[in-house]
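# Residue-level structural notes
Now for the letters of each chain:
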Amino acid sequence: MPERHRFLLYLISPRQRFINYPAHSELAKMFGKRRFMVPLALPTLAALTPAHYDIRIFDEEIEEIPFNHKPDIVGITTLAATSNRAFELGDRFRAMGVTVIFGGPFATFMQEASLQHCDAVVAGEGEGKWEKCLEDFENGTLQPVYQTTGFVPYTSQKPPRWDLVNMKRIFQVAVQVSRGCPFNCDFCLVSKTFGRKMRYREIDNVVEEIKAAPSKYFFFVDDNLTIHKKYAKELMKAIIPLHISWGCMCSIDVASDHELLELMAEAGCFNILIGFESLNPESLDESHKQHNRGGKNYAEAIARIHAAGIHINASFVVGFDNDNPDEFDRIYDFTMENHLPHVNLHLLNAPPGTETHRKYQEEGRLLSRNSELGVGHFPTIHYMNMSQIEIFDKYMDTISRLYDFETIRKKAEALFSNGTFTRPGGDISPFMKARLSWITFKEFVLTTDPERKKLFKFIIKQIRARQIAIDKGLGFLLAMLGYHRHIREHHRNMKEYREIVMSQDRGPWKKNQI
Ligand code: B12
């Protein structure tokens with residue numbers, strides 16, 4: 001049989017100019033890595049690609065793209081935050097005569113703009129459409145848009161091609177067990193892209209993938225890992241024997257199920273990202289995040305999660321029409337009262353495809369055409385009760401307060417005494433413990449910064465006195481340093497950022513209307 005023509009395919013995640021999730025990027029650096037993890041879309045698409053393609057994966061956060069070679073075809077995953085760079089890359093490859101395909105959340109909802117910089121857009125889920133797109137590329141019948149109305153069955157997935165990813169440069173591996181979200185919050189794309197009906201993978205299929213992955217450290221990228229409690233418990237039972245360590249995202253409702261929390265901790269969960277979004281009930285109503293409403297007792301729920309030995313990464317958004325600058329203080333106080341050290345504070349922004357985007361566009365309130373600013377720490381819309389510079393300054397002030405060493409010490413004191421850190425976060429290898437110890441020593445002892453030394457002494461005393469698990473105690477310390485550093489860095493660039501904000505400041509929206 002004649003040998004089939006081979007094609008060279010690049011799968012690319014473009015670099016992002018403004019990073020969020022600061023502890024991730026700084027922690028990765030401390031561990032000598034470039035990034036926490038590579039977007040799952042790339043190894044997933046690689047697994048769907050026929051065997052006569054030679055595939056190279058490039059995540060620009062971890063490696064440069066070699067433009068001295070010419071691939072036959074390039075697939076680029078796009079977010080609003082990476083869209084400018086995606087456009088640049090698309091133009092550059094097309095100028096070289098390479099076929100360029102875009103996919104991912106940005107291109108899905110910005111098809112017209114994307115098609116100025118690529119040859120085809122694969123909208124929504126890639127499974128099925130990507131294979132068809134490649135077939136058409138080979139036959140010279142490429143369509144501009146690949147779109148279907150339904151969703152893929154998603155019961156069983158081919159294992160992602162982690163063998164194509166430079167694992168030395170990343171910290172953990174992404175895994176996904178479900179798609180869809182029954183809720184329909186205005187600022188989120190998930191139900192619009194993946195449907196409101198949840199779809200789940202067979203647990204055996206997930207277990208096989210985890211077993212084969214080249215890491216013991218995982219992040220479940222599901223939007224809400226525990227929404228289906230029965231499935232979640234079965235999943236936990238199946239992964240306990242795998243001795244892995246992982247983080248995930250779920251809603252605060254997870255706290256209502258003690259058995260599930262215990263199973264999660266036993267299965268290696270050390271961290272849950274929870275979208276509190278707003279402490280202002282009117283803003284929750286405004287954005288249709290109703291499932292966080294209804295007299296939720298956050299303090300009790302948080303205490304239950306902590307009692308299971310699981311740490312919370314609390315996510316908040318400020319900038320809804322019902323918000324005023326006091327919202328920042330309310331969030332700061334809440335995190336102090338509830339001992340929440342990992343806080344991701346975002347300014348409301350409006351990614352294309354969301355209801356928020358539709359509303360603000362209709363009202364002429366989208367400020368910037370620069371999508372890369374939409375990472376949550378720049379004002380990108382015309383807020384109701386705050387000018388852009390006012391919200392920006394208050395945001396900067398709040399994140400500085402959230403991560404000053406005195407705040408960190410106070411939260412640590414509470415967390416270390418309430419038992420959250422006595423349980424190890426999964427099966428941490430002796431090598432990893434040694435590494436954590438060495439990096440802590442380097443960052444906190446071999447430093448001239450008296451504040452760091454002071455915090456270190458305090459934490460070591462706590463670790464000794466309260467039988468804190470070494471990975472949790474030191475991991476906490478390093479993550480906090482990660483935030484602290486990133487925010488200092490952000491402040492260093494403050495002049496540039498402030499100028500961008502000033503240049504587009506139009507005052508509070510309401511006032512302008514009067
Ligand atoms: C996990 C996750 C994160 C993680 C990890 C991200 C990472 N680098 O891996 C963390 C928490 C760090 C994160 C950060 C951010 N995230 Co995020 N994140 C997600 C989440 C929950 C899952 C993404 C995922 O891995 N899915 C699994 C893979 C397999 O699916 P996929 O990427 O969608 O790819 C499929 C298809 O889209 C398609 N496809 C994708 N790319 C391509 C390319 C080609 C060529 C083709 C053919 C097909 C194709 O095929 C794939 C298989 O079906 C999504 C929500 C969601 N459910 O999609 C939000 C989401 C992607 N994030 C979002 C945002 C806004 C962000 C941040 C900007 C938030 C912030 N304020 O900083 C940052 C950006 C960081 C970055 N550059 O990645 C938005 C993006 C909106 C937009 N239009 O840009 C989403 C959609 C959530 C939302 N609320 O709407 N995120």
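Quick look at the structure, then. Nothing here was measured: the structure is a model prediction, and the numbers come from that model. (Residues numbered from 1 in each chain as written. Predicted model: local features only at pLDDT ≥ 70, side-chain atom pairs only at ≥ 80, totals over all residues.)

### Observations regarding the sheet that holds strand 3 (residues 73–77)
- Ordered by their spatial adjacency, 6 strands build an open sheet running 2-1-3-4-5-6, and the pairing between neighbours is parallel. The open sheet has two free edges, formed respectively by strand 2 (53–59) and strand 6 (145–146), since each of these has just one partner strand.
- Strand contacts of helix 2 (residues 41–48): strand 1 (7–13), strand 2 and strand 3, with the helix running at about 175° to strand 2, the strand carrying the most contacts.
- Each of strand 3, strand 4 (99–103), strand 5 (120–122) and strand 6 is contacted by helix 6 (residues 129–139), which is oriented at about 160° to strand 5, the strand it contacts most. (Pairing = 2+ DSSP bridges. Helix = DSSP H or I, 4+ residues; strand = E, 2+ residues; numbered from the N terminus. Contact = placed C-beta atoms within 7 Å. Axes fitted to C-alpha atoms, helices over the stretch in contact; angles between N-to-C directions.)

### Comments concerning the sheet that holds strand 11 (residues 245–249)
- If you walk across this open sheet you meet the 6 strands as 7-10-11-12-13-14, and the pairing is parallel. Taken across any chain shown, the strands that pair with only one partner, and hence form the sheet edges, are strand 7 (173–175) and strand 14 (342–347). Within the sheet, the average angular offset between the axes of one strand and its neighbour, ignoring direction, is 20°.
- As paired strands, strand 11 and strand 12 (residues 269–277) are joined by 4 bridges and run parallel to one another. Paired with Trp-246 across the bridge in strand 12 is Cys-269.

### What about the packing of helix 9 (residues 229–239) against helix 10 (residues 258–266)?
- Running from N to C, helix 9 and helix 10 point in directions that differ by 30°, and their axes come no closer than 9 Å. Overall, the two elements helix 9 and helix 10 adopt an arrangement that is roughly parallel. You can see that helix 9 and helix 10 cross each other, and the crossing is left-handed. Between helix 9, through Lys-229, Ala-232, Lys-233, Met-236 and Lys-237, and helix 10, the contact on the second element is made entirely by Glu-259, Leu-260, Leu-263 and Met-264. (Parallel < 35°, antiparallel > 145°, perpendicular 65-115°, else oblique. Left-handed = near helix turned anticlockwise from the far one by under 90°.)

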